[in-house]
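# Chains, contacts and geometry: an overview
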Amino acid sequence: MIKNEMQWELVLAAYIVTVVYLLVKSERAAYREIKSSQCLRKTFYNLEYYECTADDYYAYKTLDGKRVLFSGNYEDKHAYYHELAHLIYDKFWLDTILGATLIIPLLILPTPWAWIGALIVYIAGKWVKKNEERRADLFAYEMTKLKYTPIKLEKNKIELLLKWLFWGHPPDRIRIEEEYYKKEIPLCKLFFKSLL
């Protein structure tokens, strides 16, 4: 019993260390990107954020609360407002938690049940991310009346299923459909409809 308790204490301690490490790593990368960019302070309603030049569109919230929208070197209004929605609504901690969830079993508990648990937590976390991404797409659509522009559509149902399970965004094939932009249709309905 004592050995079991120590094992869980070790897992918890390792998890905390992993989360802190991933947060610090992410923060350092963001600050390097900010320093190498030209940034302007902007306001959207009551939201204050910095818009910085970058190669692509993405958003970041620093640990001290600064919001940064990295604006790509090409014009894409949907992408801009999509990232702005992340700054408005998202907490920016889920990726760190998901990363730690997968790392811990590898480091501490290389047992099948630990991997199965980590996989279930990871897929559930990715589902939460997909809902955040859809909310950002809906916000961008409301602001611009433009839909997401796909990069590469999934070719078959296996690729579609893998993206549904392991990617942070809904599959591109789903993000271009009319139903995706109707708030009243839940994402789980689009999931089943796309696979059946």
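Residues numbered from 1 in each chain as written. Predicted model: local features only at pLDDT ≥ 70, side-chain atom pairs only at ≥ 80, totals over all residues. Heavy atoms only, no water.

Another point: the packing of helix H5 (residues 157-166) against helix H7 (residues 187-195). Packing of H5 against H7 brings their axes to within 10 Å, and their N-to-C directions diverge by 160°. Relative to H7, H5 is oriented roughly antiparallel. Remark: the crossing between H5 and H7 carries left-handed chirality. Of the residues in H7, those in contact with Lys157, Leu160, Leu161 and Trp164 of H5 are Leu187, Leu190, Phe191, Ser194 and Leu195. The class makeup of the residues in the contact of H5 with H7 is 7 nonpolar, 1 polar and 1 charged. (Axes fitted to C-alpha atoms, helices over the stretch in contact; angles between N-to-C directions. Helix = DSSP H or I, 4+ residues; strand = E, 2+ residues; numbered from the N terminus. Parallel < 35°, antiparallel > 145°, perpendicular 65-115°, else oblique. Left-handed = near helix turned anticlockwise from the far one by under 90°. Contact = heavy atoms within 4.5 Å. Nonpolar A, V, L, I, M, F, W, Y, C, P; charged D, E, K, R; others polar.)

In terms of nonpolar packing, the biggest core is built from 13 residues, with Phe44, Leu47, Tyr49, Leu69, Tyr80, Leu84 and Leu87 touching the most fellow members. Put simply, the parts of the chain that give this core at least two residues each are strand E2 (47-53), helix H2 (77-89) and helix H4 (112-144). No other element matches the 5 residues that H2 contributes to this core. If we skip the residues at most four places from it in the chain, Leu47 touches Lys42, Arg67, Leu84, Leu87 and Ile88. In this structure, Leu138, Tyr181, Leu187 and Phe191 belong to the second largest nonpolar core, which totals 11 residues. (Core = buried A, V, L, I, M, F, W, Y, C linked by side-chain atoms within 4.5 Å. Buried < 20%, exposed > 50% of the residue type's maximum accessible area, 1.4 Å probe, protein only.)

What follows is about H5. Buried within H5 are the following residues: Leu160, Lys163 and Trp164. Take H5 and look down its axis: the buried residues cluster within an arc of 100°, on one side only. Of the residues flanking the start of H5, the one acting as N-cap is Asn156, its side-chain oxygen 3.2 Å from the backbone nitrogen of Ile158. (Arc of directions from axis to C-beta. Polar contact = N/O pair within 3.5 Å; in protein donor to acceptor, adjacent residues only side chain to side chain.)

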